[in-house]
Amino acid sequence: MCGIVGYIGKAPAAPILLDGLKKLEYRGYDSAGVAVLHEGKLSVVRKKGRVKELEGCLEPTGSVGIGHTRWATHGEPSERNAHPHVYGKFAVVHNGILENYHALKRECEERGEEFLSETDSETVAHLLSFYYEGDALSALQKTTARLKGSYALAVLCTDHPDSLFLAREKSPLIAGVGEEGLYAASDVPALAGKCHLLYSLSDGELAELTRKSLRFFRGGEEIEKLPLCVETMGDIPEKGGYAHYMRKEMGEIGSAIANSLVDFASEERFFDFNRVLCQTEYIQIVACGTAYHSGIAAKYAIESLARIPVDVTVASEYRYCDPIIRAGTLVIAVSQSGETADTIAAARLAKERGATVAAVTNVPYSSLTEISDFVLETRAGREIGVAATKSFNAQLALLYSLAAELARTRGRGGNFQALRLIPALSERVLSEAEGIKNFALGIAGAKSAYFIGRGADYCAALEGSLKLKEISYLPSEGYPAGELKHGTLALIEKGTPVVAILTQSALAEKTMNSVSEVYARGGKVLLVTSLPEYTDRKEVEESILLPRCEEVFSPILSVIPLQMLAYYTALARGNDPDKPRNLAKSVTVE
Ligand code: M6R
């Protein structure tokens, strides 16, 4: 959340910063700003709204600068809360949350300093001024020593027109070297095409970028760092003729699944991991949002195929439930971005308690991979839409491969054959799923919507509901079908849309009982099913017929029409599905 960029070099800074911010806009888009240092003066422009608001307002000269695109944590989205924040000789952009900023701010105010924003970040500019005695790097060192929480910082000082300073603690920050100069950004794509060398700062590290050199420091000492080896993530992709990234990324589900299926047994890179799998007696999965739903789908698959117990915990709660790690516990942290602060904190805790931690992530150089014992990479390709789509299908492909491998090592067969059929089946579902448009138009004016399913279908219900609420802003809930009658049924009235997912043949009649209960109260039912015998039932207003697959793997297919439903409902309600309000792609604050 929040994207930061920096540049120092031969070229005018403003267009480079603007370009970088546009590429980082998926991290936050409620306000943006840029500071350029030229002839000892800071020129700062900040705007409420998206990065494009800065266009035409920036200082054309000056070849050193910093920029920011914000996702508000402290203080409403507004111009005065937008970054950079300036105090004295310093301009600062910040991504993260400073947990002790109240105390620090009070300290500054007691010295008579005036604050112009409601942000935690402004405190950094004040502390830098306080500690500054002519050496900006040393002031940054002293300032960061006072900060608690998470930060990626880029700093300018008017006394040092040939330097740009960086610091990182628990928020991602990359420095890069290119032909035209040196760069900084929250994420690699902002620097794609500009740099031939990229370095990821680790927690506790500082950097000074000058026009000619890049130096890293830890604990006041200069350190050597190795460049990143980034093969997989290039520039931000184009929309490729689609109106939105979300729809384009749904079109890539088939390849995301195919590329993320893994044959653990035959690939040499998994040799050590396979040994861990053989000794695993208990699995804990930690994740947030959509990735948490992948964890639930994995639980159904692993428990049913391999008979190994699995617990799935929302990462932000894992830390507070005092997790028990015993010998043979494997903790799997699932995160598309690998930068989700809650998931990283949960993985760290699991490691501290002695667990082996495997990261399932789409970004192999992310913070999560740094702290994990094993990295299982989903190969969905970069996902720009804030609503996760293809990355979810890719996570399921990988986690189902894992379930199959665990089953194989326990002599229970593996169902790999069934997995290999899924990419082609997903293409079929995708073309059928377009038919959901009508239902989407029909529910666009509803007050709320419900998703129900039993067994593995429950996971699809959860994900369908999350998708719908996050981009259409229609209140919605995903429920185990059998639980509906224990309270939520009270909310069903004439015309309430209910999406029932029905792919588990042994549970079908039971779920249809729940559908009948909904119908009896006037609910309008969309059935997403692989069981054709149910599509003609009188209770069903519309249906989408899925191809059959191994039933425990069915969420990987049944979620596709639900993603499509969310997409078309969002459009019908006039929303931008790529940038839902209040959300950001990468949630780097706890
Ligand atoms: O990058 P991660 O997979 O760790 O992100 C976790 C959630 O923030 C993410 O899945 C979020 O729920 C999506 N916006 C859902 O579409």
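Every chain's residues receive numbers from 1 upward, in the order its sequence appears when written. Where local features are concerned, this predicted model is filtered to residues with pLDDT of at least 70; where side-chain atom pairs are given and counted, the filter is 80 or more; whole-chain, interface and lining totals use all residues. Water and hydrogen atoms were dropped before computing side-chain values, which therefore reflect all heavy atoms in the structure.

A few points about the sheet that holds strand E17 (residues 329-335)
Alright, step 1. Strands were regarded as paired on the criterion that DSSP finds at least two bridges between them. What counts as a helix is a DSSP run of H or I of at least four residues, what counts as a strand is a run of E of at least two, and both are numbered from the N terminus. If you walk across this open sheet you meet the five strands as E16-E15-E17-E18-E19, and the pairing is parallel. Only two strands of the sheet have a single neighbouring strand rather than two, namely strand E16 (310-314) and strand E19 (374-377). Adjacent strand axes in the sheet meet at a mean angle of 20° when their direction is disregarded.
Alright, step 2. Note that strand E18 (residues 356-361) and E19 share four bridges and pair parallel. Each residue of the ladder has a partner; that of Ala358, found in E19, is Phe374. Between N-to-C directions, angles span 0 to 180 degrees; the directions come from axes that are lines fitted to C-alpha atoms, helices contributing only their stretch in contact.

Some remarks on the domain arrangement of the protein
Alright, step 1. What counts as a domain boundary in this text is fixed by an automatic or database domain assignment. Domains assigned within the protein are domain 1 (3-230), domain 2 (241-420) and domain 3 (430-575).
Alright, step 2. For domain 2 versus domain 3, the distance between C-alpha centres works out to 25 Å.
Alright, step 3. The contact definition used throughout considers only heavy atoms, calling two residues in contact when any of these lie within 4.5 Å. At the junction of the two partners, domain 2 supplies 29 residues and domain 3 supplies 24 residues.
Alright, step 4. By definition, the buried area sums, over both parts, the 1.4 Å-probe accessible area that each loses when the two are put together. Buried surface at the junction of domain 2 and domain 3, both sides included, amounts to about 2300 Å², of which 72% is carbon and sulfur.
Alright, step 5. Definition used for salt bridges: Asp or Glu carboxyl oxygen within 4 Å of a side-chain nitrogen of Lys or Arg. Joining domain 2 to domain 3, the criterion identifies one salt bridge.
Alright, step 6. The partner of Arg247 in a salt bridge is Glu434, with the nearest N and O atoms 2.7 Å apart.
Alright, step 7. Polar contact is defined as a pair of N or O atoms within 3.5 Å, subject to the rule that within protein one atom must be able to donate a hydrogen and the other to accept it, and that residues adjacent in sequence are counted only when both atoms are side-chain atoms. At the boundary of domain 2 and domain 3, one finds nine residue pairs in polar contact (both at pLDDT 80 or more).
Alright, step 8. Secondary-structure elements contributing two or more residues to the side of domain 2 that touches domain 3 are helix H5 (245-251), helix H6 (253-260), helix H8 (289-306), helix H12 (390-409) and helix H13 (416-420).
Alright, step 9. Think of it as three bins: nonpolar holds Ala, Val, Leu, Ile, Met, Phe, Trp, Tyr, Cys and Pro, charged holds Asp, Glu, Lys and Arg, and polar takes everything else, Gly as well. Classifying every residue of the side of domain 2 that touches domain 3 by side-chain character gives 19 nonpolar, nine polar and one charged.

Things to note about the nonpolar core
Alright, step 1. Core analysis: the largest hydrophobic core is formed by 84 residues, its most contacted members being Phe273, Ile283, Ile302, Ile332, Phe553 and Leu565.
Alright, step 2. A domain split of this core shows at least three residues from each of domain 2 (241-420) and domain 3 (430-575).
Alright, step 3. Leaving out residues up to four positions away in the same chain, Ile283 has contacts with Ile302, Ile308, Pro309, Val310, Asp311, Leu330, Ile332 and Leu406.
Alright, step 4. What is meant by a nonpolar core is a set of buried Ala, Val, Leu, Ile, Met, Phe, Trp, Tyr and Cys residues, joined one to another through side-chain atoms within 4.5 Å. We call a residue buried when its accessible area falls under 20% of the maximum for its residue type, exposed when it is over 50%, and partly exposed in between, using a 1.4 Å probe and counting protein chains only. Ranked by size, the runner-up nonpolar core spans 28 residues in total, among them Ala13, Val45, Ala190 and Cys195.

Some words on the packing of aromatic side chains
To describe a pair of aromatic rings, one takes the distance between the centres and the angle between the planes.
Alright, step 1. A pair of Phe, Tyr and Trp rings is counted when the ring centres sit within 6.5 Å of each other, with Trp represented by its six-membered ring. The angle between the planes then sorts it: under 30 degrees is stacked, over 60 is edge-to-face, the rest tilted. As enumerated under the stated definition, the model contains nine aromatic pairs in all.
Alright, step 2. Note on Phe90 and Tyr132: the rings are 5.3 Å apart at their centroids and 85° apart in plane angle, and the pair reads as edge-to-face. Separated by 42 residues along the polypeptide, Phe90 in strand E6 (residues 90-95) and Tyr132 in the loop between helix H3 (122-131) and helix H4 (136-146) bring together distant segments of the chain.
Alright, step 3. Judged by relative accessible area, which is 1%, Phe90 ranks as buried.
Alright, step 4. Pairing Tyr567 with Tyr568 gives two aromatic rings, centres 5.1 Å apart and planes at 70°, and the pair type is edge-to-face.
Alright, step 5. An aromatic cluster of three or more residues is present, and its members are Phe264, Phe270, Phe273 and Phe374.
Alright, step 6. Above the plane of the ring of Phe130 lies Arg111, whose end atom (NZ or CZ) is 3.7 Å from the centre.
Alright, step 7. Stacked on the ring of Tyr473, the Lys or Arg Arg581 has its end atom at 3.9 Å from the ring centre. Only Lys NZ and Arg CZ are tested; either one counts as a charge over a ring when it is within 6 Å of the ring centre and within 35 degrees of the ring normal.

Description of the state of the cysteines
Alright, step 1. Whenever a pair of cysteine sulfur atoms sits within 2.5 Å, that pair is classed as a disulfide. Counting across every chain of the model gives zero disulfides.
Alright, step 2. Unpaired in terms of disulfides, Cys459 finds its nearest cysteine sulfur in Cys549, a separation of 12 Å.

Looking at the packing of H6 against helix H14 (residues 422-433)
Geometry of a packed helix pair, given as the angle between the helix axes and the separation of the axes.
Alright, step 1. One can describe the packing of H6 onto H14 by two numbers: an axis separation of 8 Å at closest approach and a directional angle of 165°. Viewed along their axes, H6 and H14 adopt a mutual orientation that is roughly antiparallel. In terms of crossing hand, the pair formed by H6 and H14 is right-handed. Together, Ile253, Gly254, Ser255, Ile257 and Ala258 of H6 and Ile422, Pro423, Ser426 and Glu427 of H14 make up the contact between the two elements.
Alright, step 2. Residue composition of the contact of H6 with H14, grouped by class: five nonpolar, three polar and one charged. For classification purposes, angles smaller than 35 degrees are called roughly parallel, those larger than 145 roughly antiparallel, those between 65 and 115 roughly perpendicular, and all remaining angles oblique. Crossings are sorted by hand: turned counterclockwise from the far helix by less than a right angle, the near helix makes the crossing left-handed, and turned clockwise it makes it right-handed.

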